[in-house]
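# Results of the structural survey
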Amino acid sequence: MHLRQTMIPSIAVAVAMIVAGCGGATESGAASAPSQSASAVPSTPPPSAPAGNKLGDAIPFDENTSTITFYGYKHNATQFGKPSDSVYVYGAIDLKYCLKKLPKGYSAVSIGTSNWVLKFGDASIKSTGHAGGNGMKPEYPDRKEIKVGTCVRGWLEFKVPKDGKPTAVEYTPAGAPEPITWTP
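The rules behind the values
- Residues numbered from 1 in each chain as written.
- Predicted model: local features only at pLDDT ≥ 70, side-chain atom pairs only at ≥ 80, totals over all residues.
- Heavy atoms only, no water.
- Helix = DSSP H or I, 4+ residues; strand = E, 2+ residues; numbered from the N terminus.
- Buried < 20%, exposed > 50% of the residue type's maximum accessible area, 1.4 Å probe, protein only.
- Phe/Tyr/Trp six-rings, centres within 6.5 Å; stacked < 30°, edge-to-face > 60°.
- Lys NZ or Arg CZ within 6 Å of the ring centre and 35° of its normal.

Before going further, it helps to examine the environment of Glu63. When you line up the elements, Glu63 lands in the loop between strand E1 (58–61) and strand E2 (66–74). Under the relative-accessibility criterion, Glu63 is labelled exposed at 51%. Considered as a pair, Glu63 and Lys101 are 38 residues apart in the sequence and their alpha carbons are 10.0 Å apart.

Below is the structure:
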């Protein structure tokens, strides 16, 4: 009988690599050799990085076993109360996580709040975490096991500058080299 551990996505890949002793496998083609035209002098400047995904885009990740969707941002989300510092307010993002199938080597998947960041220009703001029932409803769950074939949608809160709005929303899946980015 083969026993698999339940892993939390934010540490799952690192633990799986250490326990299994397997190297850092990458998706095929992800680290391909430079194209022949890469050595030639470009006649035009390279294109700038993409601005990010659009609101409502369900972005697949983790070998296409899961999707994550960002629906919107609410500034001065008053259901959280007011921070003691008048320079800040609470903001919240509306998210949905869907698990289509278990990634290889997993017996369960748990989702959490630590992989989310709001960008305000150059500043990165991490989530305040689970509000313990005091956040906007429904709250995005923290450390919750998700069943295959289900989706979970909810609001995740951040303590943000009173003035301004986020320039990007980022989600970094466990073991991902770069975050998934949306432009609000």
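On we go.
The next thing to look at is the packing of aromatic side chains. Using the criterion set out here, one finds six aromatic pairs in the structure. Taken together, a centroid distance of 6.0 Å and an interplanar angle of 65° make the contact between Phe61 and Tyr97 edge-to-face. Of the two residues, Phe61 is situated in strand E1 and Tyr97 in strand E3 (residues 88–99); the sequence distance between them amounts to 36 residues. Comparing Phe61 with Tyr97 shows no difference in burial state: the two are buried. Note on Phe61 and Tyr171: the rings are 5.5 Å apart at their centroids and 65° apart in plane angle, and the pair reads as edge-to-face. Taken as a pair, Phe61 in strand E1 and Tyr171 in strand E9 (residues 168–171) lie far apart in primary sequence, 110 residues in all. Judged on exposure class, the residue Phe61 and its partner Tyr171 are both buried. Three or more aromatic residues joined by ring pairs form one cluster here, namely Phe61, Phe70, Tyr97, Trp116, Tyr140, Tyr171 and Trp182. The aromatic ring of Tyr71 is capped on one face by Arg153, whose charged end is 3.6 Å from the ring centroid.

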